Amino acid sequence: MTLDIDKKDIAKFILVGDRVLVKPKNPNTQTKSGLYLPPAAVEKEKVQTGYVIKVGPGFPIPAMTDEDEPWKDKHEEVKYVPLQAQAGDLAIYLSQSGYEIEFNQEKYVILPHSAILMLVRDEGLFE
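Residues numbered from 1 in each chain as written. Predicted model: local features only at pLDDT ≥ 70, side-chain atom pairs only at ≥ 80, totals over all residues. Heavy atoms only, no water.

Trainee: Can you walk me through the overall build of the protein in this structure?
Mentor: Each helix and strand counted, the protein has 1 helix and 8 strands in total. Along the protein, helices and strands appear, N-terminal first, in the series β-α-β-β-β-β-β-β-β. Looking at the protein residue by residue over its 127 residues, the buried ones come to 24%. When the accessible surface of the protein is summed, it comes to about 10000 Å², and 54% of that surface belongs to carbon and sulfur atoms. (Helix = DSSP H or I, 4+ residues; strand = E, 2+ residues; numbered from the N terminus. Buried < 20%, exposed > 50% of the residue type's maximum accessible area, 1.4 Å probe, protein only. Areas by Shrake-Rupley, 256 points an atom, 1.4 Å probe, with all protein chains shown as cover.)

Shown next, in the form of structure tokens:
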């Protein structure tokens, strides 16, 4: 099964719960001493960095019901505890916790929020 999605339609992706969509940053392929690393060695790093593209709504909170008040409308509105990650943040994450996907010949990683070790939020990061 193939998806027929335009390149600009990544905005239609909806992440569920505490999931975060990250575009991996180009890793350093050279050591400090000048040796070049093969791509397989770079991908096996336990900790990687990438830019947060989209975030899910967060952790769901159970609905509080007023069963002893029968005159109230019974509708369950789901509420969420929001995630710390925001689109545009630089995330340092555990690479083994994510699921790699490919969209328009670019790699992305879907991570649980708990796999993110640290966020760097800089307003001038993309300038």
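This is not the end of the story, as more comes after the structure.
Trainee: Is there a simple way to explain the pattern of salt bridges in this structure?
Mentor: The full count for this structure, using the stated rule, is 4 salt bridges. Note that aspartate 18 and arginine 19 form a salt bridge whose closest N and O atoms lie 2.7 Å from each other. Accessibility expressed as a relative area gives 15% for aspartate 18, which makes it buried. Across the pair glutamate 100 and lysine 107 runs a salt bridge whose closest N-O atoms are separated by 3.7 Å. Assessed through its relative accessible area of 39%, lysine 107 is described here as partly exposed. (Salt bridge = Lys/Arg side-chain N within 4 Å of Asp/Glu carboxyl O.)

Trainee: Where do I start with unusual backbone geometry in this structure?
Mentor: One can expect most non-glycine residues to show negative phi and most peptide bonds to be in trans. Even without being glycine, asparagine 104 reaches a positive phi, approximately 55°. Relative to the elements of secondary structure, asparagine 104 occurs in the loop between β6 (99–103) and β7 (106–112). Positive phi, normally seen in glycine, also occurs at glutamine 105, with a value near 60°. Along the chain, the position of glutamine 105 falls in the loop between β6 and β7.

Note that all results are geometric; they support no functional claim without further evidence.
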